[in-house]
Amino acid sequence: MVKIKVFQKFNCLQQKIVVEKGENMFSSLDEVKNLFIRSRNFACPVIAYESCSYYDSISNIQRWIQLEKEENNDTLLSEEELPVYLRWSVIEGFSPLYNDEASIKYCDSKNLTEKGYLKQPDFFKDIKSVLDDITNHSLLIIEDADTYFHEFKGAANAAFRAKLLSSIRNIHNSFKLKGATLVLMGYYFDISSDFSEHIVYLNEPLPNHEDLTDLVHKIYKTMGMSLLGENDLFKYVFPLRGCSLSVAENLLALSFDKGVGINLKTLWKLKEKDINATAGLSYTSSNVKLGDIAGLYALKEWLIAIFNGKKPPLLVLYIDEIEKVIPSSKFLDKEGGSSSSNVLAKFLSAIADNNWKLQILDGWAGSAKSTLAKAVANEFADRGAISITVDMTSLRDKFQGEAEKKATLLIKKIVAIGGENVLIIGTGNNTHDLSDPFISRINYGHWYIDGRNLRTDIWALKLYKHQLISENSYNTIVNSKNKENEIKKLIPNFSDLIEIEYSGRDIDNICSNANELGVSISKAASLNIPLSVSKGEQIAQSRTNAVNRMLDANTGVIYGNELPTEQTGNSFFLDLPKVSSSIN
């Protein structure tokens, strides 16, 4: 669970919650609204409308059309001339967008046979049927239309492609003459050049800060409570970032306590579920802070500098085993196909378009790479930072276009949560294999964590964490110029243990077993086969691969595979406690 403190106003104002979108995204719903209305006014008959939420998108279009209806005087039109406002789905066929008599009557004429039986919906037949009799300024929304544009991928579907292109051309010509509009609604459109000349493309963003602020005000006003001040508003708007308006409204309603207001703890729990419901994303919960991780002084110093900089991250994206995802494209559709390159291209474009920062951590298993990546946001949670884990492999799907659709929604959510204030931390143990174009995007350092120069620090921290030494003893060790000698005074046979190259995870297991089983450290160590023994060759190769390619996470210099002298304290790491409250 994220611990929320009162947010500092200057941070929120400085970051403006959602900053510039990528070049293919609109920055606000008002921008989409204006373009939609222009498309209607200037007879652009076919719109590909990329949605985040069908419910919200259709509700928005209903409001925009209602404004149009109020401006136009339909009372002067005969019943046969009234525009109709329709939806079409492969399940229901035609249905009215409003419950107006003209639209209801028109839908019945299309859905029912002469004997009153329901017709089976058919995309091409139903589209063809409206060309001749649809009235001027009418509107038809086709739901899940993006699936039809994914169907014609590959030479085997050339006939389907030709049929779809012919239908779009016919609609374009017929609807343009009548000032009518066809809205192709979907989550992701991959429109080729032969279609693009007939289609206007609109990409609806998730709500921005102003939209969510208005929603919070609306909830308080509806419940008869006084409106929130600016500082309180920031606290309640932050968890709603990345939600559609309908989802945000549900989260607020479910977390509202009558007479008290929004329960922030409940709101964050619901927010976690919303993130976890997005394919490829999972909320990262961690009780660990930077002070709970031994050593890595240079890397920690840089992370503190990043979050104290002019554009501190609102979102930390954690990608594990990044070398298996980025170059080899493991998020293929189960049946193969080209979606891997499309998804990879979309993600890399999002990094460039939104100026996201990228940092890579390398090191062998148990070196605290993942722990550090997850601890960063928790350290700065009081500034609104959260951490989300990205799993590209979960985007794959056996259906054509579904991987790209999931990737589109994933990227929209990330942009809505963090805007440009996103820090990507990728971890792995063979990151030297990353492609050169991707390595060139690493702007916050390619770091190597070598456990050899951290063993004394790790032993001290884990002994204290598992209650094998006192807090006074721990602080004495940390402040000592010879940490190893201080530990030897407390732990029998430590001289033998320190000579063995245990990983951080190995040491944690040893100390945990000693505490839980009530045995000596030496006895607990006998149950553990060091990773340096079981994976010695791989570790040696990992260090060789890092030479002159990565930075030493402990010293900040270019890694050279040399055993450095012992670090004697956190002299430049003064703003973090030596013992954080999370291990008390």
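Residues numbered from 1 in each chain as written. Predicted model: local features only at pLDDT ≥ 70, side-chain atom pairs only at ≥ 80, totals over all residues. Heavy atoms only, no water.

Caption draft 1: Here's a closer look at the overall build of the chain. The helix and strand inventory of the chain stands at 26 helices and 15 strands. Relative to its full complement of 584 residues, the chain shows a buried share of 54%. Pairs at least 24 apart in sequence give 79% of the contacts found in the chain among residues at least 6 apart. Total accessible area computed for the chain in this model is approximately 26,600 Å², and 49% of it derives from carbon and sulfur atoms. (Helix = DSSP H or I, 4+ residues; strand = E, 2+ residues; numbered from the N terminus. Buried < 20%, exposed > 50% of the residue type's maximum accessible area, 1.4 Å probe, protein only. Contact = heavy atoms within 4.5 Å. Areas by Shrake-Rupley, 256 points an atom, 1.4 Å probe, with all protein chains shown as cover.)

Caption draft 2: Layout of the nonpolar core. Val 216, Ile 424 and Phe 438 are the most contacted members of the largest nonpolar core, which has 55 residues in total. If you tally residues by element for this core, the top one is helix α17 (residues 402-418), at 7 residues. The residues contacting Phe 438, other than those within four sequence positions of it, are Ile 322, Ile 326, Leu 348, Ile 351, Leu 358 and Ile 360. Residues Val 376, Phe 380, Trp 459 and Leu 461 belong to the second largest nonpolar core, which totals 49 residues. (Core = buried A, V, L, I, M, F, W, Y, C linked by side-chain atoms within 4.5 Å.)

Caption draft 3: Spatial organisation of the side chain of Glu 323. Within the fold, Glu 323 resides in helix α14 (residues 322-325). Side-chain polar atoms of Glu 323 contact the backbone nitrogen of Asn 429, separated by 3.4 Å. From its side chain, Glu 323 meets the backbone nitrogen of Asn 430 in a polar contact 3.4 Å long. (Polar contact = N/O pair within 3.5 Å; in protein donor to acceptor, adjacent residues only side chain to side chain.)

Caption draft 4: Layout of the packing of aromatic side chains. One pass over the structure, following the stated rule, counts 12 aromatic pairs. Measuring from centroid to centroid gives 5.6 Å for Trp 459 and Phe 494, while their planes differ by 85 degrees, and the two rings are edge-to-face. Within this pair, whereas Trp 459 is found in helix α19 (residues 455-465), its partner Phe 494 is found in helix α22 (residues 494-499), the two being separated by 35 residues in sequence. Phe 494 matches Trp 459 in its accessibility class, with the two residues each being buried. Ring-pair connections join several aromatic residues into one group, and the members of that group are Trp 88, Phe 123, Phe 124 and Tyr 148. (Phe/Tyr/Trp six-rings, centres within 6.5 Å; stacked < 30°, edge-to-face > 60°.)

Caption draft 5: Representation of the side chain of Ser 89 in the model. Tracing the backbone through its elements, the reader meets Ser 89 in strand β2 (residues 85-89). A distance of 3.0 Å separates a polar side-chain atom of Ser 89 from the backbone nitrogen of Glu 92. In this structure Ser 89 touches Pro 121 and Glu 143, once residues within four positions along its chain are discounted.

Caption draft 6: Structural detail: the layout of surface pockets. There is about 730 Å³ of room inside the largest pocket. Along the walls of the largest pocket sit 37 residues, with Gly 366, Ser 367, Ala 368, Thr 371 and Arg 505 positioned nearest its centre. (1 Å grid on protein atoms, 1.4 Å probe; cavity = no way out; pocket = protein on both sides within 12 Å on 5 of 7 lines; lining within 4 Å. Points joined across faces, edges and corners; volume = space filled by probe spheres on them.)

Caption draft 7: Fine view of unusual backbone geometry. The backbone of Asp 144 sits at a positive phi, close to 60 degrees, despite the residue not being glycine. Tracing the backbone shows Asp 144 in the loop between β4 (139-142) and α6 (146-151).

Caption draft 8: Structural context of the confidence of the model for the chain. Residues at a pLDDT of 70 or more form 86% of the chain, whose mean pLDDT is 80. Across residues 1-24, confidence stays below pLDDT 50; counting only partners more than four residues off in sequence or on other chains, it has 64 contacts. This model gives residues 565-584 a pLDDT under 50, and the stretch forms 51 contacts once residues within four places in sequence are excluded. (pLDDT = per-residue confidence, 0-100.)

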